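# What the coordinates show
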Amino acid sequence: MRALNARPSTPAPRRGATFLQTHAAFEEIRSAARAVLSPRPRIRIWVPRCGAGAEAYSWASMLHDLVQTPVRVFATDAGVFRQCTGEFSTAEADGLLTQLRRNLLVSAPNGWSASPALSHHLIRVDHALLTQAPIGNVDLISLQSAELTPSEVPVVLARLRECVAPGGLLYLGDALTRTAAQAALLDGFKPEIGRAHV
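Residues numbered from 1 in each chain as written. Predicted model: local features only at pLDDT ≥ 70, side-chain atom pairs only at ≥ 80, totals over all residues. Heavy atoms only, no water.

## A few points about the pattern of salt bridges
How we decide: Whenever Lys or Arg places a side-chain nitrogen within 4 Å of a carboxyl oxygen from Asp or Glu, that contact is recorded as a salt bridge. By definition, any uninterrupted DSSP run of H or I lasting at least four residues is a helix, any uninterrupted run of E lasting at least two residues is a strand, and each is numbered from the N terminus. Relative accessibility under 20% of the residue-type maximum defines a buried residue, over 50% an exposed one, and the middle range a partly exposed one, all with a 1.4 Å probe and only protein chains included.
Summed over the entire model, instances satisfying the criterion amount to three salt bridges. Of the charged contacts, one joins R15 and D77 as a salt bridge, the two residues approaching to 2.9 Å between their closest N and O atoms. You can see R15 sitting in the segment before α1 (26-37) and its partner D77 sitting in strand β2 (residues 71-77), a full 62 residues away along the chain. Exposure class is identical for R15 and D77. Each is buried. Between D139 and R40 there is a salt bridge; the shortest N-O distance is 2.5 Å. Taken together, the residues D139 in strand β7 (residues 138-143) and R40 in the loop between α1 and β1 (43-47) connect sequence positions 99 residues apart. D139 gets classed as buried once you look at its relative accessible area, which sits at 3%.

Here is the structure:
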């Protein structure tokens, strides 16, 4: 049997393949990160549910340019070594301006690869966010798109809140703080702890 008028299939977008540098709030994020993180003797960032890793590489690139202190970005996900390879298609890199692309990526046979200067900042860890012990005492947690169910969101927010070091930053996607109850889980943060909904 043959399907009639079938359209060519297009691959579904990969989770975690959107770079922070393409976001409208990027300069605001960059300024907050510089103000809070620059004075620290070393910087630890956790990007849970990192998927393809664009968000983790975004932070590595941003802080590589902003600070002189050692930066470690923990890119975690279940199956992270299969997903977060540092390889990005031409379509995934299209949103980056030419200069930003030069800072982040190098040309590869099938698109783009994360530059070696950035890759040494990343530590990939196979990790299930809901069931395994979280990475603690981090200076910044960034979770933009986690594909969580409504019942999982409060559990994850409570876990993340406990992992941020005093004075650290927590950047969350709007889907994670959509309701008042979810946002209330983040109340009680000291004023210097920033939260951006990107």
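Having put the structure on the table, let's press on.
## A word on the pairing of β1
The test is simple: Only strands that DSSP links by at least two bridges are regarded as paired with each other. Look down the strands so they point away from you; if going from the first strand over the helix to the second traces a clockwise path, that crossover is right-handed.
Among the five residues of β1, four are classified as buried, and the element is accordingly described as predominantly covered. As judged from the five bridges shared by β1 and β2, these two strands associate in the parallel manner. By the bridge assignment for β2, I43 is matched with V71. Handedness of the crossover is the feature at issue here: the chain leaves β1, passes through helix α2 (residues 54-66), returns alongside β2, and the resulting connection is right-handed. With two bridges connecting them, β1 and β7 associate as parallel partners. Residue W46 lies in a different strand from β7, and its bridge partner there is I141.

## Description of the nonpolar core
Definition in use: For this analysis, a nonpolar core means a set of buried residues of the types Ala, Val, Leu, Ile, Met, Phe, Trp, Tyr and Cys, connected via side-chain atoms within 4.5 Å. Should any heavy atoms of two residues lie within 4.5 Å, those residues are considered in contact.
Counting residues in hydrophobic clusters, the biggest one holds 38 residues, and the most contacted among them are I45, Y57, W59, M62, L63, V73 and L122. Elements represented by at least two residues in this core include exactly α1, β1, α2, β2 and β8 (164-172). Per element, the largest residue contribution to this core is eight residues, and it comes from α2. Beyond its immediate chain neighbours, meaning those up to four positions away, V73 contacts I45, V47, A56, A60, H121, L122 and I123. If you look at the next biggest cluster of nonpolar residues, it comprises 16 residues, including V153, L160, C163 and L172.

## Description of the state of the cysteines
This is how the line gets drawn: Here, the term disulfide refers to a pair of cysteine sulfur atoms separated by no more than 2.5 Å.
As enumerated under the stated definition, the model contains zero disulfides in all. For the unlinked cysteine C50, the closest cysteine sulfur is that of C84, found at 4.4 Å. Accessibility expressed as a relative area gives 1% for C84, which makes it buried.

## A few points about the sheet that holds strand β3 (residues 87-88)
Reading across the sheet, the three strands line up as β3-β5-β4 and stay open at both edges, with antiparallel pairing between neighbours. Because the sheet does not close on itself, it has two edges, and the strands there are β3 and β4 (105-108). Where β3 meets strand β5 (residues 111-114), two bridges bridge the pair, whose relative direction is antiparallel. Pairing of F88 across the sheet is with W112, part of β5.

None of the figures reported here should be taken as evidence of function without further support.
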